[in-house]
Amino acid sequence: MRLDSLSKNVVKVMKTLCNNEGLVKLLINNQYDPFDTSIPVIKNPYDLVNPKSVNCKIKPFPFEVDATTQDGSYIRVYYNDAEFNENEVIAETRLHIDIICAKSLWLIEGSMIRPYEILARVTNMVGQRAVGNGIKLKFNGFQHLAVNEKFDAIRLYSDYFTVET
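Participant: Would you explain the overall build of the chain in this entry?
Facilitator: Regarding its fold elements, the chain presents three helices and seven strands. The order of helices and strands in the chain, counted from the N terminus, is α-α-β-β-β-β-β-α-β-β. Compactness check: the chain gives a C-alpha radius of gyration of 16 Å against a globular reference of 15 Å for 165 residues, within 12% of the reference. Judged by the C-alpha coordinates and their principal axes, the chain covers about 55 × 35 × 30 Å. Across the 165 residues in the chain, those meeting the buried criterion constitute 45%. Summarising the internal contacts of the chain: among those between residues at least 6 apart in sequence, 56% fall at separations of at least 24.

Here it is, written out as structure tokens:
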């Protein structure tokens, strides 16, 4: 993989995630039932990746300097590490997708867990079985992470990335 493809790959994953209406609702609607049809849907789902939008929920870096204090759900997409071959071409990469969720929002409608629902939609959109978007991430697994007293996270690991043309 070439170095100049790193940012293109991350942005493509971020924008692809915006195309799942259920995922958008899980990220934007901080209610007990994020799928309630009486809740208005945002007009432009790409606001989720627009850093100037109040609806920005998907970012290309792992952490923010200032701690988030408002309950919500967020996704971070970034390359955590990479190894070069002898020609300084990337031989191996590890892409992380972090699903960060306020503990108060984990349980939805008494029968679903928000981070797991987000996890399922992320893997359906950009995992090996994804259809029609040109992205195939091979997820190696996930891990629960303690963020702080208000938030926990699930980190998805992918060591393989291909963009189909």
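Participant: Help me understand the packing of aromatic side chains in this model?
Facilitator: Each pair of aromatic rings is reported with the distance of its centres and the angle of its planes. Per the counting criterion, the structure on display carries two aromatic pairs. With 6.3 Å between their ring centres and 55° between their planes, Tyr-74 and Phe-151 make a pair best called tilted. Placement of the pair is Tyr-74 in strand E2 (residues 73-84) and Phe-151 in strand E7 (residues 151-163), with a sequence separation of 77 residues. Across the pair, Phe-151 and Tyr-74 agree in class, each one buried.

Participant: Just to check I follow, could you spell out the pairing of E2 for this structure?
Facilitator: Moving residue by residue along a regular strand, the side chains alternate between the two faces of the sheet. In terms of strand pairing, strand E1 (residues 58-59) meets E2 through two bridges, oriented parallel. Directly across from Lys-59, in E2, lies its bridge partner Arg-76. Where E2 and strand E3 (residues 90-102) come together, eleven bridges link them in antiparallel fashion. Residue pairing for E3: Arg-76 is matched across the bridge by Asp-98. The turn joining E2 and E3, which pair antiparallel and follow one another in sequence, is formed by five residues; a positive phi near 60° is taken by Glu-88.

Participant: Sorry if this is basic, but what is going on with the pattern of salt bridges here?
Facilitator: Think of it this way: side chains of opposite charge can pair up when their charged atoms draw near. With the rule as written, the count across this model stands at five salt bridges. Asp-71 is paired through a salt bridge with Lys-150; the nearest N and O atoms lie 3.3 Å apart. Taken together, the positions of Asp-71 in the loop between E1 and E2 and Lys-150 in the loop between strand E6 (135-146) and E7 put the pair 79 residues apart, joining distant regions of the chain. Between Arg-121 and Glu-117 there is a salt bridge, with the nearest N and O atoms lying 3.1 Å from each other. You can see Arg-121 and its partner Glu-117 sitting in helix H3 (residues 114-126), four residues apart, about one turn around the helix. On the basis of relative accessible area, Glu-117 is assigned to the partly exposed category, the value being 21%.

Participant: Just checking my understanding: could you explain the environment of Leu-23 for this structure?
Facilitator: Within the secondary structure, Leu-23 is located in helix H2 (residues 21-28). Distance from Leu-23 to Val-10, taken between C-alpha atoms, is 18 Å for residues 13 residues apart in sequence. In this structure Leu-23 touches Leu-17, Ile-75, Ile-118, Arg-121 and Val-122, once residues within four positions along its chain are discounted.

The rules behind these values
Residues numbered from 1 in each chain as written. Predicted model: local features only at pLDDT ≥ 70, side-chain atom pairs only at ≥ 80, totals over all residues. Heavy atoms only, no water. Helix = DSSP H or I, 4+ residues; strand = E, 2+ residues; numbered from the N terminus. Rg over C-alpha atoms; globule rule 2.2 N^0.38 Å. Buried < 20%, exposed > 50% of the residue type's maximum accessible area, 1.4 Å probe, protein only. Contact = heavy atoms within 4.5 Å. Phe/Tyr/Trp six-rings, centres within 6.5 Å; stacked < 30°, edge-to-face > 60°. Pairing = 2+ DSSP bridges. Salt bridge = Lys/Arg side-chain N within 4 Å of Asp/Glu carboxyl O.

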